[in-house]
Amino acid sequence: MSLKPLLALLLSCSAAVAQQPEALNQHALDLVNQARQDQGLEPLSSGADLDEAARVHAEDMLARNYYAHESPEGEDVRDRYLAAGGSEWELVAENIAKCVGCGPADAARVDAFHEGWMNSPEHRENILAEGLDRFGFATASGGQTVYAVQTFAGSGTSRGGEEGESLKPEAAAQDALDRINDARQAEGLDPLQLDTGLQQAAAALVPEDLQGFALDDMGDLRDALPDGAMGDWRRILTVGGTCGGCGTRPVAGDVETFVGDWLEGQGSYSQQILQPGLTHAGMILRADGQGRKVALLLLAEKF
C-alpha cells in the first residue's frame, strides 16, 4: 500500500557546493525527525533499502530528463523499494523535488527542499504520517540542476482508523460474527453461532508466523479440524483476506474493514456469507507486526 497523494516540488535556486551523500542523508533525516518531534510523533530511522530506492529514482530522473513519481516505463516508488529489497507488505511513500539553476546539492539546498515540502500540505502529510518508521534520501546533480527524493516506509495503521487495543482471537471472531449476523438479519436469514472447532481449524490454517504464508497455499481443512469433527458438518465454506501497510496489531478496525470488504465486494464472498442454511462460523485474524494482516472466516452448516 502506498501513502497518497505522492506529489512533486519544483524549485528555482542559486549555486551550491556539493557535499558527501552520507552527510546530506543524515541532515535530511534530522530535519524530518525534528518536524515529527514538533508534532509529538515517533522519529524515523535510516533505511539502506529506502536510500537505494531514492538514489535510483533521483539518478534516473537526472539521466533521462524527466520529473515524475513514475518512470517512463511506469515503475513507481513501491517497485523501486521492492527492487532494493524492501517488504511488499509495508506502507511506502515518496516526495520528490527539482531545483533548476542551483548546482550540486549541499546542506542549505536540503534545507530549502525540506522547507518547500513542509509548506506543501500533501508533502507535509507524508513527512508527518503515522505508521511510518524508516526513511531514505538521495540527491542527483548535473550541471545546474538537482533532483531530491525522500522515501518512507513502515507498517502503516489499521484501515479502520485508530489502532485501539489489541484484540484476542476470540474477541475478533465474535466481533466479526456480530457484524455478519447483522447483515444476515437484514436479509431475513438465521444468525450464525461461533463454534470452537471451527475456531481451532481457522487458527491452525493461518500460522502465527505469516512469513511465506499465502491463503492459496493453506493446509487441508480436514487436518485442521479437531479429530472426528469433519463428520459434524454438511458443508464448510472459506472466506479470506489479506492487507499490507495496515498496522502491527489486530484491532477492531481490522475486523470492520475485512468484514466490510467481504460483504460489500462484488465477488462470491458476500454470496457465501449470506447463504441460507448456514449455522456456525469460526474466524482468525493474524498480524505479523510489520504491516501485514490475514483474516480467515469459516462458515459451516451442521448436520
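Student: Help me understand the overall build of the protein chain in this model?
Tutor: Counting secondary structure elements, the protein chain contains 10 helices and nine strands. Across its three principal axes, the protein chain shows a C-alpha extent of roughly 80 × 35 × 30 Å. Scored against the burial criterion, the 303 residues of the protein chain give a buried share of 50%. A separation threshold of at least 6 residues defines the contact pool for the protein chain, and within that pool the share at least 24 residues apart is 75%. In the structure as shown, the protein chain presents an accessible area of about 14100 Å², 47% of it carried by carbon and sulfur atoms. Separation between the mean location of the 22 positive side-chain charges and that of the 48 negative ones in the protein chain comes to 3 Å.

Student: Honestly, the pattern of salt bridges in this entry has me stumped. Any pointers?
Tutor: Two side chains carrying opposite charge are able to pair once their charged atoms lie near each other. Counted under the stated rule, the structure contains 14 salt bridges. Residue Asp 49 pairs with Arg 134 through a salt bridge whose shortest N-O separation is 2.8 Å. Here the residue Asp 49 occupies a position in helix H2 (residues 48–64), and Arg 134 occupies one in strand S4 (residues 134–142), the gap between them amounting to 85 residues. Judged by its relative accessible area of 16%, Asp 49 falls in the buried class. On the accessibility criterion, Arg 134 (17% relative accessible area) is buried. A salt bridge links Glu 90 to Arg 134; the nearest nitrogen and oxygen atoms lie 3.0 Å apart. Here Glu 90 is found in the loop between helix H3 (77–83) and strand S3 (91–100), whereas its partner Arg 134 is found in strand S4, with 44 residues between them in sequence. A single burial state applies to Glu 90 and to Arg 134, both of which are buried. One continuous salt-bridge network, built from bridges that share partners, spans Asp 49, Glu 90, Asp 133 and Arg 134.

Student: Looking at this model, I keep getting lost on the nonpolar core. Mind explaining?
Tutor: The tendency in soluble globular proteins is for nonpolar side chains to be buried side by side. Of all hydrophobic cores here, the largest spans 27 residues; its most connected members are Leu 44, Phe 113, Trp 117, Ile 127, Phe 135, Phe 137 and Phe 152. At the level of secondary structure, the elements contributing two or more residues to this core comprise helix H1 (21–38), S3, helix H4 (107–118), S4 and strand S5 (145–154). Examining the composition of this core, we find that six residues originate from one element, H1, more than from any other. With 22 residues, the next largest nonpolar core counts Ala 176, Ile 180, Leu 237 and Val 239 among its residues.

Student: Would you take a moment to explain the state of the cysteines for this structure?
Tutor: A disulfide bridge is the covalent bond that connects two cysteines by way of their sulfur atoms. Per the counting criterion, the structure on display carries two disulfides. Covalent S-S linkage joins Cys 99 and Cys 102, the inter-sulfur distance amounting to 2.3 Å. Judged on exposure class, the residue Cys 99 and its partner Cys 102 are both buried. Sulfur-sulfur distance for the disulfide between Cys 243 and Cys 246 comes to 1.9 Å. Across the disulfide from Cys 243 to Cys 246, rotation about the S-S bond amounts to roughly 80°, and the bridge is consequently right-handed. Like Cys 243, the residue Cys 246 is buried in the burial classification.

Student: Sorry if this is basic, but what is going on with the sheet that holds strand S6 (residues 193–194) here?
Tutor: In a beta sheet, neighbouring strands pair by backbone hydrogen bonds and run either parallel or antiparallel. Ordered by their spatial adjacency, four strands build an open sheet running S6-S8-S9-S7, and the pairing between neighbours is mixed. Of all strands in the sheet, those bounded by a partner on one side alone are S6 and strand S7 (233–243). Relative to strand S8 (residues 280–287), S6 is paired through two bridges, and the arrangement is parallel. By the bridge assignment for S8, Gln 193 is matched with His 280. Helix H6 (residues 169–186) rests against S6, S8 and strand S9 (293–302) of the sheet, and its axis sits at about 125° to S8. Against the sheet, helix H9 (residues 252–264) engages S7, S8 and S9, with an angle of about 115° to S7.

About the cut-offs
- As a convention, each chain's residues are numbered from 1 in the sequence order in which they are written.
- Local features are withheld for residues below a pLDDT of 70 in this predicted model, meaning they are given only at 70 or higher, and side-chain atom pairs are given and counted only at 80 or more; totals for whole chains, interfaces and linings count all residues.
- Each side-chain value is derived from all of the structure's non-hydrogen atoms; neither hydrogens nor water enter the calculation.
- Only runs of H or I of at least four residues qualify as helices and only runs of E of at least two qualify as strands under DSSP, and these elements are numbered from the N terminus.
- Relative accessible area decides the class of each residue, using a 1.4 Å probe on protein chains only: under 20% of the type maximum gives buried, over 50% gives exposed, and in between gives partly exposed.
- In what follows, a contact means two residues having at least one pair of non-hydrogen atoms within 4.5 Å.
- Reported accessibility uses the Shrake-Rupley method at a 1.4 Å probe radius. Residues are deemed covered only where the shown protein chains occlude them.
- Within this scheme the basic residues Lys and Arg register as positive and the acidic residues Asp and Glu register as negative, but His and the chain ends are omitted.
- Charge positions are represented by NZ for Lys, CZ for Arg, CG for Asp and CD for Glu.
- Basic side-chain nitrogens of Lys or Arg form a salt bridge, by our definition, when they fall within 4 Å of a carboxyl oxygen of Asp or Glu.
- The criterion is simple. A nonpolar core is a set of buried Ala, Val, Leu, Ile, Met, Phe, Trp, Tyr and Cys residues joined through side-chain atoms within 4.5 Å.
- Disulfides are defined as pairs of cysteine sulfur atoms found within 2.5 Å of each other.
- Pairs of strands are assigned from DSSP output, requiring at least two bridges between the strands.
- Comment: axis = line fitted to C-alpha atoms, over the contacting stretch for helices; angle = value between 0 and 180 degrees taken between N-to-C directions.

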